[in-house]
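Residue-level listing of the chains:
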Amino acid sequence: MMKEEVHYKVSSDASGNPLNGGQNYNLHLPPNVPASNFWSIIVYDNHTHLMIKTDQPWPSVHSQRKKLIFNQDGSVDTWFGPKAPVGKENNWIKTIPGKKWNMILNLYYPTESWFNKLWMPGDLEEVI
């Protein structure tokens, strides 16, 4: 039986540090994200375990976003931080300085490359 969705949680950066709402981060999703329906990334507040509340209507980036920016090879870079990087606003989720957070990559109807580990997202890298 095919699994309908999988969740990949990230709560620290590539160096193992907890995610800080005052810092900027990048997550690279290689081409061919293994979701036959769609994928989404949602940011959650570590304290409340609810979606982070900012002035963004929905704290997410997803494959059904009309103005999602793809790289030439079909990969997607997503950005996290208190201010959007110039020109990358459609791939950005706002975070709150002083708040710890985590993110979940959701794959809806994941494909075989997820289960056999041929595809994995990049590490969440702090951007200085």
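For the structure itself, consult the block above.
Rules used in this analysis
- Counting restarts for each chain: residues are numbered from 1 in the order of the written sequence.
- In keeping with the predicted nature of the model, local features appear solely for residues at pLDDT of at least 70, side-chain atom pairs appear and are counted solely at 80 or more, and the whole-chain, interface and lining totals rest on all residues.
- Only hydrogens and water are set aside; all other atoms, that is, all heavy atoms of the structure, feed into the side-chain values.
- Only protein chains enter the calculation, and the probe is 1.4 Å; a residue is then buried if its accessible area is under 20% of its type maximum, exposed if over 50%, and partly exposed in between.
- In DSSP terms, a helix is any run of H or I states spanning at least four residues, a strand is any run of E spanning at least two, and both are numbered starting from the N terminus.
- Strands were regarded as paired on the criterion that DSSP finds at least two bridges between them.
- Definition of nonpolar core: a set of buried residues of the types Ala, Val, Leu, Ile, Met, Phe, Trp, Tyr and Cys, connected through side-chain atoms within 4.5 Å.
- We call two residues in contact whenever any of their non-hydrogen atoms come within 4.5 Å of each other.
- For salt bridges, the criterion is a side-chain nitrogen of Lys or Arg within 4 Å of an Asp or Glu carboxyl oxygen.
- Each Phe, Tyr or Trp ring, with Trp reduced to its six-membered ring, pairs with another whose centre is within 6.5 Å; inter-plane angles below 30 degrees give stacked pairs, above 60 give edge-to-face pairs, and intermediate values give tilted ones.

Asks: Which parts of the structure should I look at to understand the pairing of strand S4 (residues 35–45)?
Replies: In summary, the side chains of a regular strand alternate between the two faces of the sheet. In terms of residue burial, S4 counts as a mostly covered element, since 8 of its 11 residues are buried. Pairing of S4 with strand S8 (residues 100–110) involves 9 bridges; the strand directions are antiparallel. By the bridge assignment, Tyr44 is partnered in S8 with Asn102. Relative to strand S5 (residues 60–62), S4 runs antiparallel, the two being bridged by 3 bridges. In the sheet register, Ser40 faces S5, and the bridge partner there is His62.

Asks: Help me out: how do you make sense of the nonpolar core in this one?
Replies: Across soluble globular proteins, nonpolar side chains have a tendency to be buried as a group. Membership of the largest hydrophobic core comes to 24 residues, with the highest contact counts inside it found for Leu29, Trp39, Ile41, Phe80 and Met103. Contributions of two or more residues to this core are made by strand S1 (5–10), strand S3 (24–29), S4, strand S6 (76–81) and S8. Excluding residues that lie within four positions of it along the chain, Trp39 makes contacts with Leu29, Val33, Val61, His62, Ser63, Leu68, Val76, Leu105, Asn106, Leu107 and Tyr108.

Asks: Help me understand the pattern of salt bridges, please; the structure alone is not making it clear to me.
Replies: In a structure, side chains of opposite charge can pair up when their charged atoms sit close to one another. The tally for this structure, following the rule as stated, stands at 2 salt bridges. The closest approach of N and O atoms between Lys94 and Asp55, which form a salt bridge, is 3.1 Å. A residue pair is termed long-range when its members are at least 10 positions apart, and Lys94 in strand S7 (residues 92–94) and Asp55 in the loop between S4 and S5 qualify at 39 residues. Classification of Lys94 as partly exposed rests on a relative accessible area of 22%.

Asks: It is not clear to me how the packing of aromatic side chains should be interpreted in this structure. Could you clarify?
Replies: Here a ring pair, both rings aromatic, is described through the centre-centre distance and the interplanar angle of the planes. According to the stated counting rule, one finds 5 aromatic pairs in the structure shown. Ring geometry for Tyr25 and Trp101: centres 5.6 Å apart, planes at 75 degrees, overall edge-to-face. On the criterion of sequence distance, the pair formed by Tyr25 in strand S3 and Trp101 in strand S8 is long-range, its members being 76 residues apart. Judged by its relative accessible area of 0%, Trp101 falls in the buried class. Among the aromatic side chains, those forming a connected cluster through ring pairs are Tyr8, Trp114 and Trp119.

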